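An overview of the molecular structure
One letter stands for each residue in the lines below.
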Amino acid sequence: MPRALSRKLYRVVLQLLGLWLAFDVISRLAAEFFWFGEIGYLSTWGTRLATQIGLWIFSFLITLIFLLFNLRVAKNAKSLSRNPSFVSKRFLPRRWKKAKPEIFTTSKYGFTLRLLLPVVIVLSLLAGIIVVYYGQEALRVWYPQIQLPSFTLQLTTTWKLVLQLFDLQDIFVPILQLILLLGLTIAILIYPHYYLKITSFLISSFIGFIVSANWNKILEYFNATNFGRTDNLFSRDISFYVFSLPIWELLDFCFIGALSYSLVAVTLTYLRSADAISEGRFAGFSLLQRLHINALVSLFMLGIALRYWLLRYKLLYSNRGINYGASYTDITVELPIYTGLSIFAIVMSIYLVWRIILLFRVSQINPESVPHARQLVYAIGLFLIVATISSKVLPAVVQQFIVKPNELVRERPFIRRTIELTRKAFNLDSIEVKTFDPQGKLTLKDLQENDLTISNIRLWDTRPLLQTNRQLQQIRPYYKFPDADIDRYTLTKEKGTGSEKQQTIIAAREMDYSGVPQQAKTWVNEHLFYTHGYGFTLSPVNEVIPGGLPKYYVKDIGVENKGKGTPSSLQIAKRIRASIPIGQPRIYYGEIADTYVMTGTKTQEFDYPKGNENAYNVYDGRGGIPIGSMWRRLLFAQYLKDWQMLFTRSFKPETKLLFRRNIKERVKAIAPFLHYDKNPYLVVADGNATNKKGEGTYLYWVLDAYTVSDRYPYSDPGQNDFNYIRNSVKVIIDAYNGTVDFYIADDTDPIINTFKAIFPNLLKPLSSMPVPLKAHLRYPVDLFSIQSERLLEYHMTQEQVFYNREDLWKIPKEVYGTEARPVKPYYLIMKLPTAKNEEFILMQPFTPTQRENLIAWLAARSDGRQYGKLLLYEFPKQKLVYGQKQIEALINQNPEISRQITLWNREGSRAIQGNLLVIPIEESLLYVEPLYLEAEKNSLPTLIRVIIFYQNKIVMEESLEKAIEKIFDPESNTTDLKENIIPPINIAIPTIDGAGPE
């Protein structure tokens, strides 16, 4: 092929590729523009996009100009050393253009190829390492889910011992990074001038991407809200550490990266000048080259000074001592050293600037008399030695020989800071602590007065109910119940007038396209036909129908069941229809809605199965993006990489595209700066939303969102990635229309107030949430679990007790099925000891670390004005209160119960012990455990017995009512009294102080 034709073809291919990439970018931006416009958050996306693009351009240009400028100066200085009178000096200061020619010639300090070649190879390798490292960081911040391949280096025992000295266990070798590093090093060695420019573009791009990925932190910096509290060491407001310190660290990271690369590239350029490698000798640096390198080293030392200055603040997150945060060693040793090193680095930087000025003045008189600065080499060596010793040796010596012999005395003030600020960061300081002294005087009259608590004792857990749902209510293989959630509804009473709270389990019936038979998996079925789920199940937590199956308030599908309002195809109890609005419960947006769909097409949408036929629907919601026009179809075909959209004949002018239907993906796309709960829950309520026909839509997802930070001083994160958390936002997602609303749930949180200043149109006040939805807000389990875990240690507020770990708690364990597992927090409707009425609470019991008896229980309130309040009830330490594990042991040791469970555990079936609930009633504790029976195949759990433990008596009966009656009214005329009531158990189980049961 002729060379001209091949070049033309090459240009055409490049142009086509460029057009395709441009079209891909345009399609992405257009799709995001239409999507954010459809959900009403276009300004939020615009702020984010403009910030990201602006930051990338600014960072890229500043870094690139700096790197290319230094390479150009190096090129000119290299050429001037050959011919001072020939090469342009336009990149030099005006005074230097009139300097003596000797200033541009090389010095007498050179070296041969034996030293030159290793130095050039090392510098080329360093340049490659910097580029690969910053590229890896850019990939990590933009795509953290991508794991690059690596392998573990096999080491001998000797090398493993050496690694342990540096707190290392294994060495992981990154494969892809090594290949890229080798390629870059070879390329720079062979074509230094060309590839140093290419890598300058690369590292500038990487720094741009790194800065752009931190767009939210930069916006937070400029809109910071004060916390109103200062740290004890530097007396700075905590907002400095949360909002400002990350930006200074980012600036230092990019500054040192650009300077390191520039210094390496410039030095490499000078070493490769005058054909030094081919001639086998480097003649030495000219005075101008030395001045250039001195200037870069001066700037580099400023970056090092900033790095050590910032390390002073990072001492507030130290793990060195007995407590989290700055300890005695950190403050008395590390802090002065970091301050000294920072000042030393500034002095070196100033000295280098002074030396540049001095050398230039001396060179005007006698260029040959300009000496090399040996003292500078000594100063840098001293700096490196001090920095190395300060990081490991000296603090370890002080910690071992000064702190440890008298650790409590020296660390006491710092332990106090850790306790105080950790409790503040996790909101533990707001917990109201009370004493709960079980009296064991509960009577039937007390139970009758607490009938709402008794009638809401949870016999059905979400696990057996989901198994039952999947057997009885899934209806078709393409339906799925991904989760079940505990909530409460106000229902009309079955007998009499009025209403009452009822704790329920609700589970959404969603469309799971992966369950469609393989032969039916076509493009039309995936995107036009199977578009939505339908309905839900609603069950009381405490009711059972004959046969041991759960009772359903709402169940089935395809049932003609007309009542008040819009007809529904679900089977709905009369009590529910009078209390809860149902409407047409279609779920277009859910937890597992991972496909994009097109609605309003010529293809009818499958609605629900109706006997041997199917019911169909046309979406009339307010969600979706119109794609009736050809140009929009082209944009979204490119964006979704689905070219069938261009060729299908099913579209109509009113056709709309619904994508990002997964609710978690949906909210994260809008507000990626928030931390989201693992478990959204479905709510059936009147949220004032309607479809296009004006008919109400009543299904909503509630998702808790958190503001978190890992920069709260002295706050111990434990096993978390953060050391500050607030449940500042409640997110409401309409399951039919797809609308998303963010409500501020904690307006005292400085972080959410900062975001409110950044995105004024995103966050709404909680008072604007519809009242029916607000009634279903609940204290989130994720936050409660985190606080409970931190409380295990940080309920101790006295320094010496904390230091000795005298009163550590743990989460108790229970037997679920045949496995022992930690007791998870559980919701109850109960009357707290200090409350007048029953309310919806979240509860977690605690036990001492070395004992199994209960020591305390934590309650989080969820109703009305009491929402968010935490109460900790501590049991008297001199009294034994049985824990779950002890109760489980007593139950399993009982001959009658053990014999019955053994009979049920015959081949083909097994008995499952459910959650053992500890229920405070008045001044007593009632222990309730459901017992299920399920087949090993085609599991369909049934509730067969209820076990109650109270005051050393155990009862196992067919229902909760019978068990309560037998344990509290032994004179009642019931059968099998002697077989069901187990005599009081006198087992001495020691408590912390050795006391047994009273």
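Criteria and thresholds
- Residues numbered from 1 in each chain as written.
- Predicted model: local features only at pLDDT ≥ 70, side-chain atom pairs only at ≥ 80, totals over all residues.
- Heavy atoms only, no water.
- pLDDT = per-residue confidence, 0-100.
- Contact = heavy atoms within 4.5 Å.
- UniProt positions renumbered as here; feature names shortened; annotations may be inferred.
- Helix = DSSP H or I, 4+ residues; strand = E, 2+ residues; numbered from the N terminus.
- Phe/Tyr/Trp six-rings, centres within 6.5 Å; stacked < 30°, edge-to-face > 60°.
- Buried < 20%, exposed > 50% of the residue type's maximum accessible area, 1.4 Å probe, protein only.
- Lys NZ or Arg CZ within 6 Å of the ring centre and 35° of its normal.
- Axes fitted to C-alpha atoms, helices over the stretch in contact; angles between N-to-C directions.
- Parallel < 35°, antiparallel > 145°, perpendicular 65-115°, else oblique.
- Left-handed = near helix turned anticlockwise from the far one by under 90°.
- Nonpolar A, V, L, I, M, F, W, Y, C, P; charged D, E, K, R; others polar.
- Salt bridge = Lys/Arg side-chain N within 4 Å of Asp/Glu carboxyl O.
- Patch = residues over 30% accessible without salt bridge, like charges linked within 9 Å, V, L, I, M, F, W, Y side chains within 5 Å.
- Areas by Shrake-Rupley, 256 points an atom, 1.4 Å probe, with all protein chains shown as cover.

Moving on: the confidence of the model for the protein. Here the protein shows a mean pLDDT of 86. Residues at 70 or above account for 87%. A low-confidence stretch, residues 85–89 stays under pLDDT 50, and its non-local contacts, those more than four residues away or across chains, total 8 contacts. Segment residues 973–998: pLDDT under 50, and 56 contacts once partners within four positions in sequence are set aside and those in other chains are kept.

To continue, consider the UniProt feature "transmembrane region" (unreviewed entry) in the protein. Mapped onto this structure's residue numbering, the UniProt feature "transmembrane region" (unreviewed entry) falls at residues 55–73, 115–135, 171–191, 198–218, 238–271, 291–310, 335–354 and 375–398. Overall, residues 238–271 shows 100% helix and 0% strand. The separation of its end C-alpha atoms is 48 Å. Span residues 291–310 is 100% helix and 0% strand, its end C-alpha atoms 29 Å apart.

Now for the packing of aromatic side chains. Counting across every chain of the model gives 63 aromatic pairs. Ring centres of Y241 and Y313 lie 6.1 Å apart, and the angle between their planes is 70°; on these two criteria the pair is classed as edge-to-face. Here the residue Y241 occupies a position in helix α8 (residues 238–271), and Y313 occupies one in helix α10 (residues 287–314), the gap between them amounting to 72 residues. Y313 matches Y241 in its accessibility class, with the two residues each being buried. Here the aromatic residues F33, F34, W35, F36, W45, W631, F636, Y639 and F659 are joined through ring pairs into a cluster of three or more. In this structure, R312 packs its charged tip against the face of Y313, placed 5.5 Å from the ring centre. Positioned above the aromatic ring of Y681, the side-chain terminus of R778 is 4.0 Å from the ring centre.

Across the interface, α8 lies against α10 with an axial gap of 9 Å and an inter-helix angle of 155°. For the element pair α8 / α10, the angle class is roughly antiparallel. When you trace α8 past α10, the crossing you get is left-handed. Class assignment of the residues belonging to the contact of α8 with α10 gives a composition of 21 nonpolar, 6 polar and 4 charged.

Here we come to the pattern of salt bridges. In this structure the tally under the stated criterion is 39 salt bridges. A salt bridge links E432 to K434, with the shortest nitrogen-to-oxygen separation between them at 2.9 Å. A salt bridge links R910 to E934; its shortest N-O distance comes to 2.5 Å. Of the two residues, R910 is situated in strand β33 (residues 909–913) and E934 in strand β35 (residues 924–935); the sequence distance between them amounts to 24 residues. When its relative accessible area of 3% is taken as the criterion, E934 is described as buried. A network of salt bridges, in which partner residues are shared, links D487, R488, K501 and D863.

This part takes up a nonpolar patch on the surface. Where nonpolar side chains cluster on the molecular surface, the patch consists of Y10, L14, L17, W20, L21, L634, W643 and F647 and spans about 860 Å² of accessible area. Looking at which element gives the most residues to the nonpolar patch, the answer is helix α1 (residues 3–39), with 5 residues. As for its position among the elements, L17 is in helix α1.

Next up on the list: the side chain of S262. Counting through the fold element by element, S262 comes out in helix α8. What makes S262 buried here is its relative accessible area of 3%. In this structure S262 touches F66, L67, N70 and L296, once residues within four positions along its chain are discounted.

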